[in-house]
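# Remarks on the overall topology
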Amino acid sequence: MTTPLFAILLADAVAAPEDPAAKFIRLLTVFLLAMWVGFEVITKVPQRLHTPLTSGSNAISGITAVGAIVVAGAVATAGYRFGNLLGLLAVVLAMVNVAGGFVVTHRMLEMFQPKKK
Amino acid sequence: MTTPLFAILLADAVAAPEDPAAKFIRLLTVFLLAMWVGFEVITKVPQRLHTPLTSGSNAISGITAVGAIVVAGAVATAGYRFGNLLGLLAVVLAMVNVAGGFVVTHRMLEMFQPKKK
Amino acid sequence: MSSQAWINLAYLAASMLFIVAFKLMTGPRTAVKGNYLGAVGMAIALIAACFEKPVLESFAERGAWPLVLVGIAAAIGAAVGAVMAVKYPMTGMPQMVALLNGFGGAASTFVAGAELWNASATAKLTESPLGAWTQFAIATALTGLIGAVTFWGSLVAFGKLEELPQFKKPWTHPNRHWINLGLAVATLLLGWGFCAYPSSNLLFWLLVIVGSGLGITLTMPIGGADMPVVICLLNSYSGLAAAAAGFVIDNSVLVIAGSLVGASGLILTAIMCQAMNRSLVGVLFGGLGTTAAVSGDDVYAGKIKSVSAEEIAMVLEGAERVVIVPGYGLAVAQAQHAVRELADALEKRGTTVEYAIHPVAGRMPGHMNVLLAEADIAYEKLREMDDINPTFPETDVAIVIGANDVVNPAARNDPTSPIAGMPILDVDKARTVVVVKRSLSPGFAGIPNPLFAADNTLMYFADGKKAILDLTTAVQKN
Amino acid sequence: MSSQAWINLAYLAASMLFIVAFKLMTGPRTAVKGNYLGAVGMAIALIAACFEKPVLESFAERGAWPLVLVGIAAAIGAAVGAVMAVKYPMTGMPQMVALLNGFGGAASTFVAGAELWNASATAKLTESPLGAWTQFAIATALTGLIGAVTFWGSLVAFGKLEELPQFKKPWTHPNRHWINLGLAVATLLLGWGFCAYPSSNLLFWLLVIVGSGLGITLTMPIGGADMPVVICLLNSYSGLAAAAAGFVIDNSVLVIAGSLVGASGLILTAIMCQAMNRSLVGVLFGGLGTTAAVSGDDVYAGKIKSVSAEEIAMVLEGAERVVIVPGYGLAVAQAQHAVRELADALEKRGTTVEYAIHPVAGRMPGHMNVLLAEADIAYEKLREMDDINPTFPETDVAIVIGANDVVNPAARNDPTSPIAGMPILDVDKARTVVVVKRSLSPGFAGIPNPLFAADNTLMYFADGKKAILDLTTAVQKN
Ligand SMILES: NC(=O)c1ccc[n+]([C@@H]2O[C@H](COP(=O)([O-])OP(=O)(O)OC[C@H]3O[C@@H](n4cnc5c(N)ncnc54)[C@H](OP(=O)(O)O)[C@@H]3O)[C@@H](O)[C@H]2O)c1
Ligand SMILES: NC(=O)c1ccc[n+]([C@@H]2O[C@H](COP(=O)([O-])OP(=O)(O)OC[C@H]3O[C@@H](n4cnc5c(N)ncnc54)[C@H](OP(=O)(O)O)[C@@H]3O)[C@@H](O)[C@H]2O)c1
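Here the structure is a predicted model, which means the values were calculated and not measured.

### Observations regarding the overall build of chain A
Counting its secondary structure elements, chain A contains five helices and zero strands. The order of helices and strands in chain A, counted from the N terminus, is α-α-α-α-α. When each of the 117 residues of chain A is scored for burial, the buried share is 68%. Intrachain contacts of chain A at a sequence separation of at least 6 include 62% that bridge at least 24 residues. With an accessible surface of roughly 3,800 Å², chain A has 72% of that area assigned to carbon and sulfur atoms.

Here it is, written out as structure tokens:
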């Protein structure tokens, strides 16, 4: 028979296909797994490549450009264009980070290559 | 007809069920990350512990019991009880796997412990 | 937070506990804790499953009895598993793992089947189409298929390792490759059909039947000695089946745990093949396990020095450093405790005793470690191949007990040998080598071993356990 | 498959490419490929972003110009970044990384701010409540806060490393701990408030302002030499800010890439602290960087042997094995090419030359490796501490160029030394030690170095570059 507790749980469970909390936990799952992969993979990078590692990971942190593009390119409710402007600014900043990071890493790594004299 | 971003997020979260393809990719993401973690972590297990590793991972593969519980305990549409029966069978089999796996692993690992004579 | 969110959080916690469990498997002390944490994770996941929406709805509609039934089923399963685990002898671990593995695979198949049954029933009642679910049809088909292959393959592997009479001879029907091909084609056709009609229970179960056939015909021809590779591969499959089931019911803990197990099995399979210097395809479809034994007459003729326990005891008297090399014969003879006593006797006299463990000695990765650990031999004394090989030239006596292929110098010297290139333990470099086995018959690879004919080798023909017990007595008498 | 599914697939591909990129960072050859793959992943993700539903809707409604604007903004950013990256001198890498890092942090803040702005505008229009979104309010607040701290912290770090006059002296306001505490309390209060009113733009931007303050006041007191630790930490923060932004806009590629970067930064921070034998808290809140230099008079008095280039050239003549030990001074003097020439001259005469790289030599992990690689010195000759330390007793001459703390034997011998316990390069065990530096002034740790007064040490006082050039000439003359 239906106890009050179960009724509540039930109502909750039937309500929405994916509620924000469930979404949060889903992203948390991805976050924790990716963190773990990161720790495992990066502890294997040798000391001598730590500077390029820093700049390379720096470039990848520019991934926030993805978010920037979406907010910059989205439809703005009339009178609320400020969001788009912020987005554009974010695009510029993030792209400096991305391009700068990858290029500088490449420049450094090129130096590690054996060269013909 | 303005449909700003948040409204879409909101609509996504509250009303529309996630489309199957998107769901599949979401699970694929988790799968690939977990595989990667698995490879990184397990390559570090020393040879001498490979037998307990096999039985331990065996126990964990009994996680399918979770699915078994859900299908066994679910409401069956009248006349369609066969699904529940299958589920119950799956519960039994999966629990043999789970309990057997963990116990046998423990038994083996106990042997590796230094003992007082 | 909704109840679903709480459940997902519990699943997440369980997933992380599983990863930590694997992480702790790196040392024998931490591994015990790892195993506990794995069990805790499992418990959390199982309890959370009882609060899933369909279960709660069923509770509301039909009362507690379905959940009670589930509880009873779980209790029966757990009891059976625990009893098996406690009762099964340590030497039979490979079989035990195979059996448990098969059960896991079967469970996954049944979960997918039940899910499909319920879904198609609902679809029929509500007349809503299942057409758009191609990805989930694939996942369902894969679960059913992999689960069935795992179950039957594991049963065959179990039979072979238990040396049940029906499985003694590898099955080598002349047309077996055609049969396999036929089954594979049938699998593809049924799979394709199922994706087109994803609500068809019939197609699903046909797929399961074909998968069962494949599981049997693929495993039957493989020699008993190759079974460990097959077991690890099936272990990996059972994980992948669980992950696929996770896709079917949209559950991330199944996906994560399943893929961890899948990765673990794949790695072990790869390591084993590497250590045997064979390819996976060779193991699965080749026939090394079925090669007729090559005659060793030319190799051994007139060069074998057979000795008694007393003679060996005399050799051991002067030894400062003794290395014991266990192999599959140790497991067959169950001589691990006897070995321990011999080592104790030697150590009491001041001799250093160590053990050289080859990665594929025995019939399962880590097999020797488990056996010797059962006899209370300290973990630190079990040394891995690369670690101990350089020390053989400084070893006075190497005692090889029931090992053969893993100490065969032909792997190093004879490029035409079937095991050429396989890394071996260099016992032949020890001052004296004592080999304990019952006869001159070959080991798993079916080839003669020049070591037995070497100048510095003494053969002691007897059952492993009896031989070591006699030797210990002789040593203690001296 | 829906368009959203394709986009998500693209994001997944990008995420996997990022992981592969890190995985390939394990060797200098594969790392180049890794960097390419990382860039490819980024390109895929950025292109996919242009097909996100809001962007497409905007395209349908307002035409192409918003997307064109985005393209222009991206092009400007990329051009600026690329030019900076090509133009900046190699010795300034730490600064460069700090600056780029700061931009990434600021971008994350703006993304969260823009998202919030649009969302709250919609909420106002549609009068739908935002109340239930606590988790996302937390994510938004965190993104804004971490981003602001990262940006301002990075700017300060940049200023210190560039040795801009404003940043020369570490800021040590007597009440700074109180100020930090006040800002921290304000952060918590604002964060709490924002979670209660998650549609408040005002609260968000106040939080950003307070975060900016924290970024400055936390970084200002830290000594310039400790900046590399701060940079790695901020690098980690910028990753975490991106991951938090991923939570805000529900995007897994941001979450995955962000957490990879977060993990990387945390690991580097930990490694650096370990190699300096200091705790992270000590670096962030302690004051080793600000210690007044201890007088070295008692240590050095009467024991310093100052020599000329010609004298050193004579010592080098008889040497069979020379080890060069670079330190921060090498970067300051930009002497890497000169060192290369010296090594060439020595090698031409048959001398073996190797380089001993201490993990925290210089001002950034791997700093010396990058510098020496710039001068075309073969990767294999750069040897790590644990690897080369045992060889110093067989080394004829160790040439220490601009290194100080990393060769200070007090770390080994004097338990009261501030660097006691820090692992060092054992150059004092070489037959002869040549130290090239401008004066007897201390290095980063601000303590005297007994090595300079040792019997087998010759001091050569000059600017690093000039000194090595003179030495090379002297060697070639001999
Ligand atoms: N460990 C793994 O994971 C794994 C997996 C698959 C395959 N393999 C293969 O298995 C082989 C293992 O090598 P191994 O050297 O351990 O074993 P082996 O080469 O199979 O030789 C075992 C020897 O033990 C002797 N033996 C059997 N019962 C005995 C008893 N009761 N008392 C005394 N001796 C007995 C046998 O000779 P008698 O009959 O003359 O007594 C036989 O020559 C390798 O070829 C490996 O590639 C290993
Ligand atoms: N690598 C990292 O990641 C990192 C991060 C944070 C902190 N640190 C710290 O930085 C220190 C690094 O040690 P280190 O031995 O490389 O450097 P150091 O101990 O800081 O010493 C550098 C020496 O170089 C000399 N020098 C400066 N400019 C020069 C020039 N133009 N020509 C010749 N010599 C010059 C200086 O002496 P004169 O002024 O007499 O010439 C100084 O004694 C360690 O204490 C470490 O803990 C490193």
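### A closer look at the site of ligand 2
Residue and element names in this part refer to chain D. Around ligand 2 sit 30 residues, and of these V360, N404, D405, S439 and G464 come closest. Between G329 and ligand 2, the recorded distance is 3.4 Å, taken from a backbone N or O atom to an oxygen atom. Residue D405 places a side-chain N or O atom 2.7 Å away from an oxygen atom belonging to ligand 2. No other element matches the four residues that helix α14 (residues 328-333) contributes to the shell around ligand 2. Split into classes, the residues belonging to the shell around ligand 2 amount to 16 nonpolar, nine polar and five charged.

### What about the site of ligand 1?
All names here are of chain C. Lining the immediate surroundings of ligand 1 are 30 residues, of which R363, N404, D405, S439 and G464 lie closest. Here Y328 contributes a backbone N or O atom positioned 2.9 Å from an oxygen atom of ligand 1. Separating an oxygen atom of ligand 1 from a backbone N or O atom of N404 is a distance of 2.7 Å. Burial of ligand 1 by the protein amounts to 97% of the accessible area it has alone, namely 920 Å². Among the elements that make up the shell around ligand 1, the one with the highest residue count is helix α14 (residues 328-333) (four residues).

### What about unusual backbone geometry?
All names here are of chain C. Its identity is not glycine, yet D250 carries a phi of approximately 55 degrees, on the positive side. Looking at the secondary structure, you find D250 in the loop between α9 (227-249) and α10 (252-275). D250 gets classed as partly exposed once you look at its relative accessible area, which sits at 29%.

### Considering empty space enclosed by the protein
The tally for this structure, following the rule as stated, stands at six cavities of 30 Å³ or more. Roughly 80 Å³ of internal volume is contained in the second largest cavity. Considering the residues around the second largest cavity, the lining is formed by A:L53, A:G56, A:S57, A:I60, A:F102, D:F18, D:A21, D:F22, D:M25, D:G34, D:N35 and D:G38. When contributions to the lining of the second largest cavity are tallied by element, the ones reaching two or more residues are α3 (50-60) of chain A together with α1 (3-24) and α2 (28-49) of chain D. Among the elements that make up the lining of the second largest cavity, the one with the highest residue count is α3(A) (four residues).

### Description of the interface of chain B and chain C
In this complex, chain B contributes 86 residues to the contact, which on the side of chain C involves 112 residues. The contact between chain B and chain C buries some 9,000 Å² in all, and 76% of this surface belongs to carbon and sulfur atoms. Along the contact surface separating chain B from chain C lie three salt bridges. Put simply, C:D250 and B:K23 hold a salt bridge, and the shortest N to O gap is 3.7 Å. One can count 15 residue pairs in polar contact (both at pLDDT 80 or more) joining chain B with chain C. No other element matches helix α5 (residues 82-112) of chain B, which puts 30 residues into the side of chain B that touches chain C. Taken together, the residues of the side of chain B that touches chain C sort by class into 53 nonpolar, 24 polar and nine charged.

### Regarding the sheet that holds strand β5 (residues 432-437) of chain D
Residue and element names in this part refer to chain D. If you trace the six strands from one edge of the open sheet to the other, you get β3-β2-β1-β4-β5-β6, paired in parallel fashion. The sheet terminates laterally at β3 (382-384) and β6 (457-461), the two strands that pair on one side only. Sheet twist, expressed as the average angle between the axes of neighbouring strands with direction ignored, equals 25 degrees. Sheet topology places strand β2 (residues 352-357) next to β3; three bridges connect them, and they run parallel. Each bridged residue has a counterpart across the sheet, and for Y355 the counterpart in β3 is L382. Its contacts with the sheet put helix α15 (residues 336-348) on β1 (321-326), β2 and β4 (397-401), and the angle it makes with β2 is roughly 145 degrees. Contacting β4, β5 and β6, helix α19 (residues 464-477) crosses the sheet at an angle of about 130 degrees to β5.

### A few points about the side chain of D:D396
Residue and element names in this part refer to chain D. For D396, the position within the fold is in the loop between α17 (385-388) and β4. Within the structure, the side chain of D396 is placed 2.8 Å from the backbone nitrogen of E320, a separation counted as a polar contact. Excluding its chain neighbours within four sequence positions, the residues that come into contact with D396 are A319, E320, R321, R431 and T432.

### Things to note about the packing of helix α2 (residues 20-42) of chain B against α10(C)
Across the interface, α2(B) lies against α10(C) with an axial gap of 8 Å and an inter-helix angle of 40 degrees. Taken together, the axes of α2(B) and α10(C) lie oblique to each other. Here the hand of the crossing between α2(B) and α10(C) comes out right-handed. Here B:L27, B:V30, B:F31, B:A34, B:M35, B:G38, B:F39 and B:I42 of α2(B) come into contact with α10(C), specifically with C:S252, C:V255, C:I256, C:S259, C:L260, C:A263, C:S264, C:L266 and C:I267. Looking at the contact of α2(B) with α10(C) residue by residue, the class counts come to 13 nonpolar, four polar and no charged.

### Focus on the sheet that holds strand β5 (residues 432-437) of chain C
Pairing between the strands of a sheet is mediated by backbone hydrogen bonds and can be parallel or antiparallel. Residue and element names in this part refer to chain C. Strand order across the open sheet formed by six strands is β3-β2-β1-β4-β5-β6, with parallel pairing between neighbours. Here the strands that pair on one side only, and so sit at the sheet edges, are β3 (382-384) and β6 (457-461). Ignoring strand direction, the axes of neighbouring strands in this sheet form an average angle of 25 degrees. Alignment of β5 against β6, held across five bridges, turns out to be parallel. By the bridge assignment for β6, V433 is matched with T457.

### A short note on the pairing of β1(D)
All names here are of chain D. Of all six residues in β1, six are buried; the element is thus mostly enclosed. Here β1 shows a buried face lined by R321, V323 and V325 and a second buried face lined by V322, I324 and P326. One ladder, built from four bridges, connects β1 with β2; its direction is parallel. Pairing of R321 across the sheet is with T352, part of β2. Across five bridges, β1 lies against β4 in parallel orientation. Directly across from V325, in β4, lies its bridge partner V400.

### Points about the pattern of salt bridges
Residue and element names in this part refer to chain C. This structure, assessed with the given rule, holds 31 salt bridges over all chains. The residue E354 makes a salt bridge to R321 at a minimum N-O spacing of 3.0 Å. Linking E354 in strand β2 (residues 352-357) with R321 in strand β1 (residues 321-326), this pair joins segments that are 33 residues apart in sequence. Residue E354 is classed as buried on the basis of its relative accessible area, which comes to 14%. Between R412 and D426 there is a salt bridge, and its shortest N-O distance comes to 2.6 Å. Of the two residues, R412 sits in helix α18 (residues 410-413) while D426 sits in the loop between α18 and β5, which places them 14 residues apart along the sequence. By relative accessible area, D426 is classed as buried at 11%. Within this structure, R321, E354, R383 and D387 form a network of salt bridges that share partners.

### Remarks on the environment of C:D396
Residues and elements named next belong to chain C. The class of D396 is buried, set by a relative accessible area of 14%. Between the alpha carbons of D396 and G144 there is a distance of 57 Å; along the sequence they are 252 residues apart. Reaching out from D396, the side chain makes a polar contact with the backbone nitrogen of R321 at a distance of 3.0 Å.

### Observations concerning the confidence of the model for chain C
Residue and element names in this part refer to chain C. Summarising the model, chain C shows a mean pLDDT of 86, and 93% of its residues fall at 70 or more. Confidence over residues 287-293 falls short of pLDDT 50; this stretch has 10 contacts with residues more than four positions distant or in other chains. The ipTM for the predicted assembly is 0.82, set against a pTM of 0.83.

### Let's talk about the packing of helix α4 (residues 64-73) of chain B against helix α2 (residues 28-49) of chain C
The axes of two packed helices give the description: the angle between them and the distance between them. α2(C) packs onto α4(B) with a crossing angle of 15 degrees between their chain directions and a minimal axis gap of 9 Å. On the basis of their axis angle, the class for α4(B) and α2(C) is roughly parallel. The way α4(B) lies across α2(C) gives a crossing that is right-handed. Across the interface between the two elements, B:A65, B:V66, B:I69 and B:V70 of α4(B) pack against C:A45, C:L46 and C:A49 of α2(C). A class-by-class count of the residues in the contact of α4(B) with α2(C) yields seven nonpolar, no polar and no charged.

Definitions and cut-offs
- Residues numbered from 1 in each chain as written.
- Chains lettered and ligands numbered in written order.
- Predicted model: local features only at pLDDT ≥ 70, side-chain atom pairs only at ≥ 80, totals over all residues.
- Heavy atoms only, no water.
- Helix = DSSP H or I, 4+ residues; strand = E, 2+ residues; numbered from the N terminus.
- Buried < 20%, exposed > 50% of the residue type's maximum accessible area, 1.4 Å probe, protein only.
- Contact = heavy atoms within 4.5 Å.
- Areas by Shrake-Rupley, 256 points an atom, 1.4 Å probe, with all protein chains shown as cover.
- Near = heavy atom within 4 Å.
- Polar contact = N/O pair within 3.5 Å; in protein donor to acceptor, adjacent residues only side chain to side chain.
- Nonpolar A, V, L, I, M, F, W, Y, C, P; charged D, E, K, R; others polar.
- 1 Å grid on protein atoms, 1.4 Å probe; cavity = no way out; pocket = protein on both sides within 12 Å on 5 of 7 lines; lining within 4 Å.
- Points joined across faces, edges and corners; volume = space filled by probe spheres on them.
- Buried area = accessible area lost by both parts, 1.4 Å probe.
- Salt bridge = Lys/Arg side-chain N within 4 Å of Asp/Glu carboxyl O.
- Pairing = 2+ DSSP bridges.
- Axes fitted to C-alpha atoms, helices over the stretch in contact; angles between N-to-C directions.
- Parallel < 35°, antiparallel > 145°, perpendicular 65-115°, else oblique.
- Left-handed = near helix turned anticlockwise from the far one by under 90°.
- pLDDT = per-residue confidence, 0-100.

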